[in-house]
Amino acid sequence: MATYRAIFMFPGGNEGRYEFDAPDAFIDTAPARVVDRFLSTVNGFDLPAPMVDFEVNAANRHTNANTVTATGLIRMRNGEAMPYVGMIYRNQNGTAAQK
């Protein structure tokens, strides 16, 4: 198992930082699948309404940095859709992030 971090930014200055454990090869799967797996399990986004669905519009792997970047939409229970920009990467230094 490896420790990963995710940073997701939303309009209005909202930002979430998360740390989670996943298999070592997690970051090596298809970039859209990495984002999909993270968004399917995350709790605690600071959004105006609970998330009910999401879209991944673009996802790219940056192999030399063990990083996946993504853009898309979070769909909320109140019917609104909020765009996001995200980055998921393997934690190399062992310091803690927000959960």
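What you are looking at is a predicted structure, and each value in this text was computed from that prediction instead of being measured.

Chemist: Looking at this model, I keep getting lost on the side chain of E19. Mind explaining?
Modeler: Take E19: it is sitting in strand β2 (residues 15-22). Owing to a relative accessible area of 19%, E19 belongs among the buried residues under this scheme. Only 3.3 Å separates the side chain of E19 from the side chain of R5, close enough to count as a polar contact.

Chemist: Is there a simple way to explain the sheet that holds strand β3 (residues 51-62) in this structure?
Modeler: Backbone-to-backbone hydrogen bonds join strands into a sheet, with any given pair of strands oriented parallel or antiparallel. Across the sheet, five strands lie side by side as β2-β1-β5-β4-β3; this open sheet has antiparallel pairing. Two strands bound the open sheet, and with one partner strand each, they are β2 and β3. Taken pair by pair, the neighbouring strands of this sheet meet at an average axis angle of 25°, ignoring direction. The sheet contacts of helix α1 (residues 31-41) involve β1 (2-9), β2, β3, β4 (67-76) and β5 (81-90), and relative to β3 the element is tilted by about 145°.

Rules used throughout
Residues numbered from 1 in each chain as written. Predicted model: local features only at pLDDT ≥ 70, side-chain atom pairs only at ≥ 80, totals over all residues. Heavy atoms only, no water. Helix = DSSP H or I, 4+ residues; strand = E, 2+ residues; numbered from the N terminus. Buried < 20%, exposed > 50% of the residue type's maximum accessible area, 1.4 Å probe, protein only. Polar contact = N/O pair within 3.5 Å; in protein donor to acceptor, adjacent residues only side chain to side chain. Pairing = 2+ DSSP bridges. Axes fitted to C-alpha atoms, helices over the stretch in contact; angles between N-to-C directions. Contact = heavy atoms within 4.5 Å.

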